[in-house]
Structures are given as structure tokens and as C-alpha cells.
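# Topology and contacts: notes
Here is what each chain is made of, one letter per residue.
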Amino acid sequence: MNYSHFIVVTNRKLCKTDYLIQIRKVTALHPHALILREKDLSDQEYMRLASSVMEICKEANVLCYLHSRDQIARDVSCQNLHMSISELRRLGDGVKDFNEISVSCHSKEDVLEALAAGASQIVLGTIFETDCKPGLEGRGTSFVSEIAEICPVPLYAIGGIHEDNIHLVMEAGATGGCMMSGFMQM
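Described below are features of the structure shown in this document. (Residues numbered from 1 in each chain as written. Predicted model: local features only at pLDDT ≥ 70, side-chain atom pairs only at ≥ 80, totals over all residues. Heavy atoms only, no water.)

## Overview of the sheet that holds strand S7 (residues 155-157)
Strand order in this closed barrel of eight strands is S1-S2-S3-S4-S5-S6-S7-S8, and the pairing throughout is parallel. Each neighbouring strand pair of the sheet contributes to a mean axis angle of 25°, computed without reference to strand direction. Pairing between strand S2 (residues 33-36) and strand S3 (residues 63-67): four bridges, direction parallel. Residue pairing for S3: Ala33 is matched across the bridge by Leu63. (Pairing = 2+ DSSP bridges. Helix = DSSP H or I, 4+ residues; strand = E, 2+ residues; numbered from the N terminus. Axes fitted to C-alpha atoms, helices over the stretch in contact; angles between N-to-C directions.)

The following block contains the structure:
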């Protein structure tokens, strides 16, 4: 399988093996990028982990996005940041400090706001039902099509994306999809 249309979203709690070994394993598949999520870590723990993961990504030639922690990204010289729309609002002109700004969006309004603020990539969710958000109904591929029509930057679907359905979101206009469980447990 070609994984170049996938973004890895990390969650060390899902790993069945050593976390950094798992990161090496998934970056060896050459996905488009990796988003270092790990929201529950302290800033100090996240910074240590970010340094290790960034090195692994660099060796595999995979883009690494830090998740929301703009000051840590500056401190470790990471030029790629992923965040929610509310975090983008908080960051304001700070977006200029980064080469790539990836933003999670859940509506057309979110997408338009993210684009106006300088987003270089949109992560659109939740497309299919997912174990990460039980009970939340997916928005489906028609939502992807609607957003793809107005989105001039790469658009990645998230939520229940895996090897067997990524083609559906790509046929609807997405550049690719984000996958967490499939990568963390392979």
C-alpha cells in the first residue's frame, strides 16, 4: 500500500510496543506527515519526546507537525504546527513563525477562518464514526466534497479513516486522510 496520502496522528497509549520503535515503523512507510499529538504530556515531557520524534521523522524524510505547542515548536526549531481553530485564534500573528500551519476544522466557517488566518493545510473531521469519539456520527464524504470545492490548500480527512476507505475521501476531493489507531497498532 502507498501511504503517501496519509498523515500519522500519534497516540502512545495505543501502542503495543515501544513508542519510538512504533514511530520508526510507521515513518518507514513514508506517510505524508506525522502529527505528534500526545496532549496529556507536560511541556517538559512533550519537548523531550518531540526532539526524538523529529529526529526519526527527519531520518525518514517525513514532515513532523507538533500539536498546539507553539512555544515548544519554536524552542526545538520545528517549523510545522497543527492546532485547533481556537488555538489558531490564540496564536494570531504568531503563525508567521512557522512554515506550515495545519488546522483542525469541523465546519465550512472553520475552514474559511483558518484559510484567512494563514492555514497551509486543513484537517477536516469527523468524517466517519471513530472509536476516538464514540457516539459522534461522521459527516460523510459529501461534507468532504463540499469543503474540497472551496479549499485551495491540501485537505486531509480525519475520523475513522483507514486503508480500506481512504479512497472514498480522496474521490470526494481530499488530498488524503489522517489515521491514528491503524498506525499506532500495526
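## What about the pairing of strand S1 (residues 6-9)?
Side chains Phe6 and Val8 of S1 all project onto a buried face; the interleaved residues Ile7 and Val9 project onto the opposite face, where all are buried too. Note: S1 against strand S8 (residues 176-179), three bridges, orientation parallel. Following the sheet pairing, Phe6 is matched in S8 by Gly177. Judged from the three bridges that link them, S1 and S2 form a sheet pairing that is parallel. Bridge pairing in S2 links Val9 to Ile35. Following the chain from S1 across helix H1 (residues 19-27) to the adjacent parallel S2, one finds a crossover that is right-handed. (Buried < 20%, exposed > 50% of the residue type's maximum accessible area, 1.4 Å probe, protein only. Right-handed = clockwise from strand over helix to strand, strands pointing away.)

## Topic: the packing of aromatic side chains
Tallying each qualifying case throughout the model produces three aromatic pairs. When the centroid spacing of 5.6 Å and the interplanar angle of 45° are considered together, the rings of Tyr3 and Phe6 count as tilted. Its relative accessible area of 11% is what places Tyr3 among the buried residues. One aromatic cluster in this structure is built from Tyr3, Phe6 and Phe183. Just above the ring of Tyr46 sits the side chain of Arg69; from NZ or CZ to the centre is 4.3 Å. One cation-aromatic arrangement involves Arg139 over Phe143; the distance from NZ or CZ to the ring centre is 3.8 Å. (Phe/Tyr/Trp six-rings, centres within 6.5 Å; stacked < 30°, edge-to-face > 60°. Lys NZ or Arg CZ within 6 Å of the ring centre and 35° of its normal.)

## Here's the deal with the packing of H1 against helix H2 (residues 43-60)
Interaxial distance between H1 and H2 falls to 9 Å at its minimum, and their mutual angle equals 25°. Taken as axis vectors, H1 and H2 run roughly parallel relative to one another. Considering the relative orientation of H1 and H2, their crossing is right-handed. Of the residues in H2, those touching H1 at Tyr19, Leu20, Ile23, Arg24 and Thr27 are Leu49, Ser52, Val53, Ile56, Cys57, Glu59 and Ala60. Grouping the constituent residues of the contact of H1 with H2 by class yields eight nonpolar, two polar and two charged. (Parallel < 35°, antiparallel > 145°, perpendicular 65-115°, else oblique. Left-handed = near helix turned anticlockwise from the far one by under 90°. Contact = heavy atoms within 4.5 Å. Nonpolar A, V, L, I, M, F, W, Y, C, P; charged D, E, K, R; others polar.)

Treat this as a map of the structure, not an account of what it does.
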